Amino acid sequence: MKADPVGVAKGSYFMDGDHACAEGAIAAGCRFFAGYPITPSTEIAERIAERFPKVGGMFIQMEDELASMAAIIGAAWTGTKTMTVTSGPGFSLMMENIGLAVMMETPCVVVDVQRGGPSTGLPTLTGQADMMQARWGSHGDYELIALSPNSSQECFDLIITAFNLAEQWRVPVLFMMDECVGHMTEKVVIPDAYEITITPRKFYRGKKKDFKPYKFNGHTKIAPMVKAGDGYFFHITGLTHDERGYPLINAEAQQTNVQHLVDKINKNVDKISIVEEDNITDADVIVVSYGISSRVALKAVEFARKNGIKVGTLRLVTVWPFPEKRIKQLASQVKAFIIPEINMGQISLEIERCAAGQAPTILVPHAGGWVHDPKDIFQAIEEAVA
Amino acid sequence: MKYWRVPFDRDKIDIPHGDIHINIDRCKGCSFCEEYCPRDVLKMSTNYNKKGYHYPDVIKQGECVNCCLCEMICPEFAIFCIESSKDTIQKGMKKGSNQEATS
Amino acid sequence: MTEVATQSKKGETKPKNEKPKAVLRDDYEHPMEIYLRIERFPHIWCATCGIGTVLTAFISGLEKSKLDIEKVTVVSGIGCTGRTAGYLRLDSFHTTHGRAIPFATGLALGNPKLKVVVISGDGDLTAIGGNHFIHAARRNLDLTIICVNNFNYAMTGGQAGPTTPMEAIASTAPYGCYEYPFNLPFLAESSGAVFVARWTALHIRRLTNTIAEALLKPGFSFIEVICPCATLYARRNRLGDGLDLMRFYHDNAIIKHGANTREVDIEYQKQIIVGKFVDIDKPTFLQQRDRFLKNKLGNQFIPYKEPVS
Ligand SMILES: Cc1ncc(C[n+]2csc(CCOP(=O)(O)OP(=O)(O)O)c2C)c(N)n1
Ligand code: SF4
Ligand code: SF4
Ligand code: SF4
Ligand SMILES: [Mg+2]
């Protein structure tokens, strides 16, 4: 399906990542937004507040992030595409109901424009330290999808992908921006509506009495949904449940339910995962990065190549699910992975796990507040080949 | 205090009568129905149901005025009343009819 | 069904040597069953718990309101009362503890044609969900909130909560509760609710009528239902069982329609003022929003429309 032209502000703009993200969401068909202001994500909410009344969207500023997250799940069950945005402390508050969205298999998009933490940390300065929280932040076992854009243009393009993935896999999709990406102003081209592909909600069309909100018997088929108010009289719960959505509180039901939640993502990593590779084939060292760090790393990579070092780059566009297979493959052919990230070591742990001792992983940490000095990354590359 | 008064024109007005239906095994023996039936139609049995609760007996069937208070107050959906004179099907649903209602 | 004994209809058999008990025919089901997920019964509520009674009142009130049940959606939080949504054969959502109202907000704004009802416990709605409660009331969202107040956190074992009266014993107030409790009708009214009422589980007919009225009232309507928790609140305070609490309500509830909500606070085992306290008219969140934006934006304003499938 193609995008609704009403929501597509075609043209070339000089725009920051936050605004591009808002425009992308509107182009993707998002028409329900609930949020609570927090730096550095507020501009997204502000843009949506301004734009929604003119595109038939429903904006509500909730009393907190707990409420924002709960509201977008409720709204998703009316058939609409929904989003909330936040940063740091607000992301922590959303964790509770991100788990609910996972359990209820509700498509929705959560944007986290990362800033320095912990706690109130660095409200106005960048960080990438919520990456593990994105994966593990809500209690219990589950899988979800997290994307990480690195430019204003990608904030626009990739948020559309985020909405599409959410619908395809009936899962909350986390959009992990960082303050730099959110506040960096660059050229953004918004194409014609017919150039934008949208995954519509898959609605159930069978007999009403046969409807079940879930399908656990295979990871390839995701059950179609219905909307509240259409006479299906369905029930859904955050409790462990069966395919009818009825609570079932025992170990067997838990096994079936959780296995399904995990399988539907884990067994489809190849279909979901997006990575951007460059100069990989003959690389001795691969710099793995995401978000703003991937752009800072480029400077170091360029410099290293000028110095005759064979450096490849791998950018995680989807961070979760993790491209485990690909990293394993590469681990057998390279001397080292270099991982610059604006945290004290998060994704590097995941690379280390996948490399499983086949190649050393070298973390270039940064506590946040600013991006790496490319020199530090270059130094790590140099040391790796020395 | 009871909610019921005998009206002066009792002989002239048509007092409804009810048939009481009790799903004995659904009852949890709270006695709400017995306590609040305005005509003392119900009395807790000395027998036990499958779950081990006493359930209500109808001790004065003819006295039931189909006020449905028992039906309303029962937390277990174990008791309901249908007006005797009318076709019972009107109110009590035939088993299986809700299947149609949802399709 | 096991026992069959009839007496009212001619021609129907009576089992011998047994005195007539009740009409029990397994080709009939309870008239409320069409509204219930009866396949999930028996429900989890204890013997002499009043939540089931509130559920019957809700069903009768819903029937009375003549609303299209396809458009009625029920949301619950977590707790004994939170299980209500799961027993209703309506579109029903069992959410997280305290978040029923924001979840319901999403549903109500996502599809303004829905009538969204929240049925949940006192702790769920006014402790962990207290902030959502006052803000939904402030916005005058089109929601009907039925709060089952059993004076404690029942599901988790009878801990003290924001409605536990002073002196009452709870598992986390073993020497009695010494915190000031909420006066919920006052809280609701002062936060902006347009319809506020309180009944006990014993006032079953009045409760039914009030629920019907609230369902038809545009805006934020709030009904507090004082309800027996036999297993925890009553037992721990040596108040007997649910029936004893019903008797207590019978003797101590005073109906005062239009009472000043400031004056309806509840003290431990003292009188309970019940009735319809507030019924005013005020534009709802959506009416306000649409009117306002239309005014400011003119033809640029595109009203929100619920999606079609
Ligand atoms: C975030 C969170 N905190 C705590 C709990 C545990 N919990 C479940 S129900 C409940 C209290 C319910 O009390 P109330 O809302 O009054 O409902 P009742 O059981 O009394 O009907 C609590 C504390 C939870 N489920 N989630
Ligand atoms: S319908 Fe009324 S009179 Fe008849 S048994 Fe029930 S409560 Fe008593
Ligand atoms: S009210 Fe219902 S559960 Fe209670 S005793 Fe009567 S039939 Fe049984
Ligand atoms: S614990 Fe209390 S509130 Fe919960 S079901 Fe039992 S009696 Fe009812
Ligand atoms: Mg309670």
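Just so it is clear, the structure is predicted and the values come from calculations on it, not from any experiment.

**Q** What is the right way to look at the overall build of chain B in this model?
**A** Of regular secondary structure, chain B possesses three helices and five strands. When the helices and strands of chain B are read in sequence order from the N terminus, they spell out β-α-β-β-α-β-β-α. Split into buried and exposed, the 103 residues of chain B put 51% on the buried side. Long-range pairs, those at least 24 residues apart, make up 57% of the contacts in chain B with a sequence separation of at least 6. Accessible area of chain B: about 5300 Å², with a carbon and sulfur share of 53%.

**Q** For this particular structure, what's the right way to read the packing of aromatic side chains?
**A** In this description, an aromatic ring pair is defined by two values, namely the gap between the centres and the angle between the planes. Scanning the model with the defined rule gives 18 aromatic pairs over all chains in all. The interplanar angle of 65° and the centroid separation of 4.9 Å between the aromatic rings of Y204(A) and F211(A) together place this pair among those described as edge-to-face. Side by side, Y204(A) and F211(A) carry an identical accessibility label, which is buried. Judged by centre distance (5.4 Å) and plane angle (65°), the ring pair of F41(C) and Y87(C) falls under edge-to-face. In this pair, F41(C) is assigned in the loop between β1 (28-29) and α1 (51-65) and Y87(C) in helix α2 (residues 84-87), connecting sequence segments 46 residues apart. Each member of the pair, F41(C) as well as Y87(C), carries the same accessibility label: buried. Taken together, the ring pairs in this structure connect W77(A), Y204(A), F211(A), Y232(A), F234(A), F93(C) and F103(C) into an aromatic cluster. Lying across the ring of W136(A), R135(A) places its NZ or CZ 3.8 Å from the centre.

**Q** Got a minute to help me understand the coordination of the magnesium ion (ligand 5) in this structure?
**A** Each angle at a metal carrying four tetrahedral donors should ideally be 109.5 degrees, and each at a metal carrying six octahedral donors should ideally be 90 or 180 degrees. Residue and element names in this part refer to chain C. Every protein donor of the magnesium ion (ligand 5) is listed here as D122 (OD), N150 (OD1) and N152 (O), and their distances to the metal cover 2.0 to 2.2 Å. Ordering the donors of the magnesium ion (ligand 5) by residue number gives the pattern D-x27-N-x1-N. Here D122 is found in helix α4 (residues 122-128), whereas its partner N152 is found in the loop between β5 (143-149) and α6 (184-191), with 30 residues between them in sequence. The two residues D122 and N152 agree in class, both being buried.

**Q** Just to check I follow, could you spell out the pairing of strand β6 (residues 122-126) of chain A for this structure?
**A** Regular strands place side chains that alternate from one sheet face to the opposite one. All names here are of chain A. When strand β5 (residues 108-116) meets β6, the two strands line up antiparallel, connected through two bridges. Pairing of R115 across the sheet is with T126, part of β6. Here β5 folds back onto β6 in antiparallel fashion, the turn holding five residues, of which S119 has a positive phi close to 55°.

**Q** Would you mind going over the pairing of strand β3 (residues 58-61) of chain A with me for this structure?
**A** All names here are of chain A. Sheet topology note: the strand β2 (residues 30-35)/β3 ladder contains four bridges and is parallel. Paired with F32 across the two strands is M58, which belongs to β3. After leaving β2, the chain enters helix α2 (residues 42-55) and then returns to the sheet as β3, a path that is right-handed.

**Q** Mind showing me how you'd approach the pattern of salt bridges here?
**A** Side-chain pairing between opposite charges can occur once the charged atoms of the two side chains come close. All names here are of chain A. Counted under the stated rule, the structure contains 37 salt bridges over all chains. Residues K264 and E105 are paired through a salt bridge, measuring 3.0 Å at the closest nitrogen-oxygen approach. On the criterion of sequence distance, the pair formed by K264 in helix α8 (residues 251-266) and E105 in the loop between α4 (88-103) and β5 is long-range, its members being 159 residues apart. Assigned by exposure class, K264 and E105 land together as buried. The residue K325 makes a salt bridge to D270 at a minimum N-O spacing of 2.8 Å. Taken as a pair, K325 in helix α11 (residues 324-331) and D270 in helix α9 (residues 269-272) lie far apart in primary sequence, 55 residues in all.

**Q** How should I be thinking about the interface of chain A and chain C in this particular structure?
**A** Interface size is often expressed as the accessible area that is lost when the parts come together. In this assembly, 49 residues from chain A lie in contact with 47 residues from chain C. Interface area for chain A against chain C, summed over the two sides, is near 3800 Å², with a carbon-plus-sulfur share of 61%. Summed over the three residues of chain A that lose the most area to chain C, namely M58(A), E63(A) and F233(A), the buried surface amounts to 18% of that side. Applying the counting criterion to the chain A and chain C interface returns two salt bridges. Linking R139(C) and E63(A) is a salt bridge whose minimum nitrogen-to-oxygen distance equals 2.8 Å. There are 23 residue pairs in polar contact (both at pLDDT 80 or more) connecting chain A and chain C. Of all the secondary structure elements, the ones that give two or more residues to the side of chain A that touches chain C are β2, α2, β3, α3 (65-76), α4 and β10 (235-237) of chain A. Here the side of chain A that touches chain C takes seven residues from α3(A), the largest share from any one element.

**Q** Help me understand the sheet that holds strand β13 (residues 311-316) of chain A, please; the structure alone is not making it clear to me.
**A** By definition, the strands of a sheet pair up through backbone hydrogen bonds, in either a parallel or an antiparallel sense. All names here are of chain A. The strand order across the open sheet built from five strands is β11-β13-β12-β15-β16, with neighbouring strands paired in mixed fashion. Whereas interior strands pair on both sides, the edge strands pair on one side only; in this sheet they are β11 (275-278) and β16 (361-365). Here the average twist between neighbouring strands, direction ignored, is 20°. With five bridges joining them, strand β15 (residues 336-341) and β16 adopt parallel strand pairing. Directly across from F337, in β16, lies its bridge partner T361. Lying on the sheet, helix α13 (residues 374-385) is in contact with β12 (285-289), β13, β15 and β16; it crosses β15 at an angle near 165°.

**Q** Looking at this model, I keep getting lost on the site of ligand 4. Mind explaining?
**A** All names here are of chain C. Contacts to ligand 4 come from W45, C46, C49, I51, C80, N150, A154, C229, A230, T231 and L232. No other element matches the three residues that helix α8 (residues 230-236) contributes to the shell around ligand 4. Broken down by class, the residue content of the shell around ligand 4 amounts to nine nonpolar, two polar and no charged.

**Q** Can you help me understand the environment of W199(C) in this one?
**A** All names here are of chain C. When you line up the elements, W199 lands in strand β6 (residues 195-200). Given a relative accessible area of 2%, W199 falls into the buried group. If we ignore the near neighbours within four places in the chain, the residues touching W199 are R206, L207, T210, E224, V225, I226, I255, H257, V274, G275 and K276.

Rules used throughout
- Residues numbered from 1 in each chain as written.
- Chains lettered and ligands numbered in written order.
- Predicted model: local features only at pLDDT ≥ 70, side-chain atom pairs only at ≥ 80, totals over all residues.
- Heavy atoms only, no water.
- Helix = DSSP H or I, 4+ residues; strand = E, 2+ residues; numbered from the N terminus.
- Buried < 20%, exposed > 50% of the residue type's maximum accessible area, 1.4 Å probe, protein only.
- Contact = heavy atoms within 4.5 Å.
- Areas by Shrake-Rupley, 256 points an atom, 1.4 Å probe, with all protein chains shown as cover.
- Phe/Tyr/Trp six-rings, centres within 6.5 Å; stacked < 30°, edge-to-face > 60°.
- Lys NZ or Arg CZ within 6 Å of the ring centre and 35° of its normal.
- Donors = N, O, S within 2.8 Å, 3.2 Å for Na, K, Ca; no water.
- Pairing = 2+ DSSP bridges.
- Right-handed = clockwise from strand over helix to strand, strands pointing away.
- Salt bridge = Lys/Arg side-chain N within 4 Å of Asp/Glu carboxyl O.
- Buried area = accessible area lost by both parts, 1.4 Å probe.
- Polar contact = N/O pair within 3.5 Å; in protein donor to acceptor, adjacent residues only side chain to side chain.
- Axes fitted to C-alpha atoms, helices over the stretch in contact; angles between N-to-C directions.
- Near = heavy atom within 4 Å.
- Nonpolar A, V, L, I, M, F, W, Y, C, P; charged D, E, K, R; others polar.

Nothing here speaks to function; it is all geometry.
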